[in-house]
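Spelled out from the first residue to the last, the chains are:
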2 protein chains.
Amino acid sequence: MSSSSPALVSVDWGTSAFRARLAAADGAILEAVEAEVGAVGLASGAHEAFVETQIGDWMRRFPGLPIVMSGMVGSRQGWVEAPYVRCPAGAAEIAAAMATVPATRLARVVVVPGLSARDARGAPDVMRGEETQILGALGATGHADGLFVLPGTHSKWARVEAGRIVDFATFMTGEVFAALKDHTLLGRLMAPATDASAADGFARGLAASAALERPGDLLHAVFMTRTLGLFDEAPANALADYLSGLLIGAEILAGAQGAREAVVVGSPALTARYRAAGEALGVAFAPAPNNCATLGQIALLRQAGEL
Amino acid sequence: MSSSSPALVSVDWGTSAFRARLAAADGAILEAVEAEVGAVGLASGAHEAFVETQIGDWMRRFPGLPIVMSGMVGSRQGWVEAPYVRCPAGAAEIAAAMATVPATRLARVVVVPGLSARDARGAPDVMRGEETQILGALGATGHADGLFVLPGTHSKWARVEAGRIVDFATFMTGEVFAALKDHTLLGRLMAPATDASAADGFARGLAASAALERPGDLLHAVFMTRTLGLFDEAPANALADYLSGLLIGAEILAGAQGAREAVVVGSPALTARYRAAGEALGVAFAPAPNNCATLGQIALLRQAGEL
């Protein structure tokens, strides 16, 4: 049963944007505000003043609501540092490491910590914000085990067992795509896509990703973005999606490591793109609802006895 | 026996630089001029006028010398198009496809064609300029078979059999490195290297490249450039070389495809870097002399009966 009374202010504050949602205890979003202001590199005191300009109205209308924030706001360069919690970690470990913003004119503000993990060679990996979405997706999908994928600039692939994130890996797919498209010769032949050319280019990139053998083959296959255009074997308006399909396909095949299903958490557009890619590559992506971040924060507040 | 009388003007004219060498028939470089002017996108007539400013003095002192040019000067956007010759191709096929610049006030100017190849999936690949260096390296090293590697912005790995280039693949290693370093968050923690930090970072990157399993793992491993710095597990002045070692290592392992030796053609600094990487990864790189481009052009002029 959905309640319409506000129970918390749910904030996702990363390096480039501030997103606040006035939410009910069941995760229903009642009101929302967004601003293109990142949490990193603000002057001392500026975080609080900025938050007051954004959600001061809610604070006056509903005094005392807890404010919970996920994302880079909890990094060393953010508002208050909530140090990385090492995997394996579930709601209990994450809630226990939440940081409280000291001395604020606002109601109680808690900041969710990020997670760290080690790969097989001992190299470190990190996430901030995605752990909250995964906790929300766990409850929303009813899955307590499996792969949870958060595609984007830095895609995260997390392995969950018994409701805890046991390890994860970051793939720089989105940022690598943007850097190659905008800052190498690969972008020079590209033209704006149509729906049909985008689908065709994406499918060809996915097929190429499945044919790669060695890791370094990726450094070769990206060059085909140029040569397919140069030889008129792909239209200019399919080239960006070819490159995108190649990189996303390589990410999925490496991230899934042979698994045939995963939960995907993200915007509808990105979720649809990964589901299409997964269909071509034999990985079934189950979508999670849009409000996973808020659902995860509610789970954390409950775990901490604050809701 | 080295002759000191000039026999040709050997030109490498790519997208960013013009390099001309007054050379003897044995490939000895007698004089050289260079300018940061690319061959692509000049107005009609501008190529000839520019060349006259650069080598007019040689033309007056040694009238009638043939001028032979390799590189993007032979592309559709260059001075005169010398269409790609399809592999397999050796000196005979390449010389037969050389283009002559029409109606010039200069002596006879010939332009070397590029090569094209198809990979196992039928995707096209191209080179322009490197084919000439490979022909030169063939004569200079006495190898008529094997792998020839030209590292750089777009590294080329060519397989040679009986003196002919049978196929090749491009790896965008240098350009991907620059795009990731300068246009993603990976560059943010990097500090200028010392000799020791560069060697340490490069070795760690090479080791990481050897541990990659799936092609998409590369999209994950590049992110370690950030996390190793974030966790103070690599010094800031080792991070750029870590990324370089990771990418060069992945290139070598994919390009060599299990081969244990190759000839490397390039600048002394880049050749040394690939030899060090090859030593760590089990690929012995034999160096070729510096004047391979000129040696290749001499072989082509001889093949064409013009020298």
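Residues numbered from 1 in each chain as written. Chains lettered and ligands numbered in written order. Predicted model: local features only at pLDDT ≥ 70, side-chain atom pairs only at ≥ 80, totals over all residues. Heavy atoms only, no water.

A word on the interface of chain B and chain A. Taken together, the contact pairs 51 residues of chain B with 51 residues of chain A. Between chain B and chain A lies a buried interface of about 4,300 Å² when both sides are counted; carbon and sulfur atoms form 71% of it. The three residues of chain B that bury the most area against chain A are Met172, Pro215 and Leu219 of chain B, which together make up 16% of that side's buried surface. Residue Glu233 of chain A pairs with Arg118 of chain B through a salt bridge whose shortest N-O separation is 2.7 Å. For the side of chain B that touches chain A, the elements supplying multiple residues, two or more each, are strand 8 (115-118), strand 9 (124-127), strand 12 (164-171), helix 4 (173-183), helix 5 (195-211), helix 6 (217-221), helix 7 (224-230) and helix 8 (239-256) of chain B. With six residues, helix 4 of chain B is the largest single contributor of residues to the side of chain B that touches chain A. Counted by class, the side of chain B that touches chain A contains 29 nonpolar, eleven polar and eleven charged residues. (Contact = heavy atoms within 4.5 Å. Buried area = accessible area lost by both parts, 1.4 Å probe. Salt bridge = Lys/Arg side-chain N within 4 Å of Asp/Glu carboxyl O. Helix = DSSP H or I, 4+ residues; strand = E, 2+ residues; numbered from the N terminus. Nonpolar A, V, L, I, M, F, W, Y, C, P; charged D, E, K, R; others polar.)

When chain B is fitted onto chain A, the two copies agree to an RMSD of 0.1 Å after a turn of 180 degrees and an axial shift of 0.0 Å. Interpreted geometrically, this transformation is the action of a two-fold axis. Among all C-alpha atoms of chain B, that of Pro215 of chain B lies closest to the rotation axis, at 1.7 Å. A symmetric contact is evident, with 100% of the interface residues of chain B recurring at the interface of chain A. (Least-squares fit on C-alpha atoms with pLDDT ≥ 70 in both.)

What follows concerns the sheet that holds strand 3 (residues 29-35) of chain B. Residue and element names in this part refer to chain B. Ordered by their spatial adjacency, six strands build an open sheet running 3-2-1-4-7-6, and the pairing between neighbours is mixed. Each of the sheet's edge strands pairs with one partner strand only, and the pair in question is strand 3 and strand 6 (99-100). Two elements, strand 1 (residues 6-13) and strand 2 (residues 18-24), share seven bridges in a ladder whose sense is antiparallel. The residue of strand 2 that forms the bridge with Val9 is Leu22. (Pairing = 2+ DSSP bridges.)

All names here are of chain B. For the structure shown, the criterion picks out 32 salt bridges over all chains. Salt-bridge contacts for Arg108 lead to Glu306; the nearest nitrogen and oxygen are separated by 2.7 Å. A residue pair is termed long-range when its members are at least 10 positions apart, and Arg108 in the loop between strand 6 and strand 7 (109-111) and Glu306 in the segment after helix 10 (292-303) qualify at 198 residues. The partly exposed category is assigned to Glu306, whose relative accessible area is 27%. (Buried < 20%, exposed > 50% of the residue type's maximum accessible area, 1.4 Å probe, protein only.)

All names here are of chain A. Bridging between strand 5 (residues 85-86) and strand 8 (residues 115-118) involves two bridges; their strand directions are parallel. Directly across from Arg86, in strand 8, lies its bridge partner Ser116. Direction of pairing for strand 8 relative to strand 9 (residues 124-127): antiparallel, over a ladder of four bridges. When the bridges of strand 9 are listed, Ser116 appears paired with Val126. The hairpin turn running from strand 8 into strand 9, its antiparallel successor, is five residues long, and Gly122 in that turn takes a positive phi close to 90 degrees.

Ile252 and Phe285 of chain A together with Ile252 and Phe285 of chain B are the most contacted members of the largest nonpolar core, which has 86 residues in total. Apart from the residues within four sequence positions on either side, Ile252 of chain B is in contact with Trp157, Tyr274, Ala277, Gly278, Leu281, Val283 and Phe285 of chain B. (Core = buried A, V, L, I, M, F, W, Y, C linked by side-chain atoms within 4.5 Å.)

This part takes up the environment of Ala221 of chain B. Residues and elements named next belong to chain B. Assignment of secondary structure puts Ala221 in helix 6. Taking the C-alpha atoms as reference points, Ala221 and Phe231, ten residues apart in sequence, are found 15 Å from one another. With residues near it in sequence (within four places) discarded, Ala221 still touches Leu212, Tyr242 and Leu246.

Residue and element names in this part refer to chain B. With respect to the helices, strands and loops of the structure, Asp57 is situated in helix 1 (residues 46-61). On the accessibility criterion, Asp57 (39% relative accessible area) is partly exposed. Looking at Asp57, its side chain comes within polar contact range of the side chain of Arg61, at 2.9 Å. (Polar contact = N/O pair within 3.5 Å; in protein donor to acceptor, adjacent residues only side chain to side chain.)

What follows covers the packing of helix 4 of chain B against helix 8 of chain B. When two helices pack together, their arrangement is given by the angle between the helix axes and by the axis-to-axis distance. Residues and elements named next belong to chain B. Closest axis-to-axis distance for the helix 4/helix 8 pair is 10 Å, and the angle between their directions is 150 degrees. The orientation of helix 4 with respect to helix 8, classified from their angle, is roughly antiparallel. Note on packing geometry: the crossing formed by helix 4 with helix 8 is right-handed. In contact with Thr173, Val176, Phe177, Leu180 and Lys181 of helix 4, helix 8 contributes Ala240, Leu243, Ser244, Leu247, Ile248 and Glu251. (Axes fitted to C-alpha atoms, helices over the stretch in contact; angles between N-to-C directions. Parallel < 35°, antiparallel > 145°, perpendicular 65-115°, else oblique. Left-handed = near helix turned anticlockwise from the far one by under 90°.)

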